[in-house]
Amino acid sequence: MRSLLVLLLVAGAAHAGGAPDPEALEHLVKQDCGSCHGLTLKGGLGPDIRPEAISHFDAETLSEVVLDGIPGTAMPPWRPLMSEAEAAWIAEYLLTGEHP
Ligand code: HEC
């Protein structure tokens, strides 16, 4: 009982600190990014962002695109909604197609 409580506290603290939560981020990529880029990310209103389509980006540039969006286009900035660590997680996830 006691160790469960400690675990819950640790999990809560990690979340409050902005550490990436893989399940929540995977959900966000499918639902929110997917609403423009397609549920499988192969393109829709926004372009194909599957690994082979974005291989010209490095992880750092990609997380900047996610954080700042692409001005003058429908690609919105996500900085108000996520931490830099979360954007870095998403960049890695998009580039590899797997959980970092
Ligand atoms: C409201 C629609 C919309 C949403 C939501 C959206 N995007 Fe985009 N995204 C676009 C559009 C449109 C472009 C193309 C902009 C352009 O003309 O260069 C784009 C471009 C991009 C690019 C650059 C692709 C390339 O090859 O140049 C990446 C990477 C990207 N989006 C990732 C994401 C991620 C990750 C999310 C979710 C966190 C997301 N987008 C959510 C509309 C959207």
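The structure presented is a predicted model; accordingly, all values stated were derived computationally and were not measured.

### Observations regarding the site of the ligand
- With respect to spatial proximity, 21 residues lie near the ligand, and among them Cys33, Cys36, His37, Pro47 and Met75 are the closest.
- His37 places a side-chain nitrogen or oxygen 2.7 Å from a nitrogen atom of the ligand.
- When each cavity is represented as a set of grid points, the ligand is found to reside in the largest pocket.
- Of all the secondary structure elements, the ones that give two or more residues to the shell around the ligand are helix H2 (22-37), helix H3 (59-68) and helix H4 (84-96).
- When residues in the shell around the ligand are grouped by element, the largest group, 5 residues, is from H2.
- When the residues that make up the shell around the ligand are grouped by side-chain class, the tally is 17 nonpolar, 3 polar and 1 charged.

### Notes on the coordination of the iron atom of the ligand
- Surrounding the iron atom of the ligand are the protein donor atoms His37 (NE2) and Met75 (SD), at 2.0 to 2.1 Å.
- Each of the 6 donor atoms around the iron atom of the ligand contributes to a set of angles spanning 87 to 179 degrees, which defines the coordination as octahedral. Pair noted here: His37 is in helix H2 and Met75 is in the loop between H3 and H4, with a separation of 38 residues, a long-range link.
- Under the relative-accessibility criterion, His37 is labelled buried at 10%.

### As for the side chain of His37
- Engagement of the side chain of His37 in a polar contact is seen with the backbone oxygen of Pro47, the distance being 2.8 Å.
- Leave out the neighbours within four places in its chain, and His37 touches Lys42, Gly43, Gly44, Gly46, Pro47, Ile49 and Met75.

### Re the pattern of salt bridges
- Enumeration according to the criterion identifies 4 salt bridges in this entry.
- Between Asp48 and Arg50 there is a salt bridge, with its nearest N and O atoms 2.9 Å apart.
- You can call Arg50 partly exposed: its relative accessible area is 30%.
- Of the charged contacts, one joins Arg79 and Asp68 as a salt bridge, the two residues approaching to 2.9 Å between their closest N and O atoms.

### As for the environment of His56
- Mapped onto the elements, His56 comes out in the loop between H2 and H3.
- Sequence-wise, His56 and Leu95 are 39 residues apart; in three dimensions their C-alpha atoms are separated by 9.7 Å.

### Description of the confidence of the model for the chain
- Here the chain averages 87 in pLDDT, while 82% of its residues score no lower than 70.
- Mean pLDDT across the elements of the chain ranges from a minimum in helix H1 (residues 2-16), with 45, to a maximum in H3, with 98.

Calculation notes
Residues numbered from 1 in each chain as written. Predicted model: local features only at pLDDT ≥ 70, side-chain atom pairs only at ≥ 80, totals over all residues. Heavy atoms only, no water. Near = heavy atom within 4 Å. Polar contact = N/O pair within 3.5 Å; in protein donor to acceptor, adjacent residues only side chain to side chain. 1 Å grid on protein atoms, 1.4 Å probe; cavity = no way out; pocket = protein on both sides within 12 Å on 5 of 7 lines; lining within 4 Å. Sits in = over half its atoms within 2 Å of the grid points. Helix = DSSP H or I, 4+ residues; strand = E, 2+ residues; numbered from the N terminus. Nonpolar A, V, L, I, M, F, W, Y, C, P; charged D, E, K, R; others polar. Donors = N, O, S within 2.8 Å, 3.2 Å for Na, K, Ca; no water. Tetrahedral: all angles 85-135°; square planar, octahedral: opposite > 155°, others 65-115°. Buried < 20%, exposed > 50% of the residue type's maximum accessible area, 1.4 Å probe, protein only. Contact = heavy atoms within 4.5 Å. Salt bridge = Lys/Arg side-chain N within 4 Å of Asp/Glu carboxyl O. pLDDT = per-residue confidence, 0-100.

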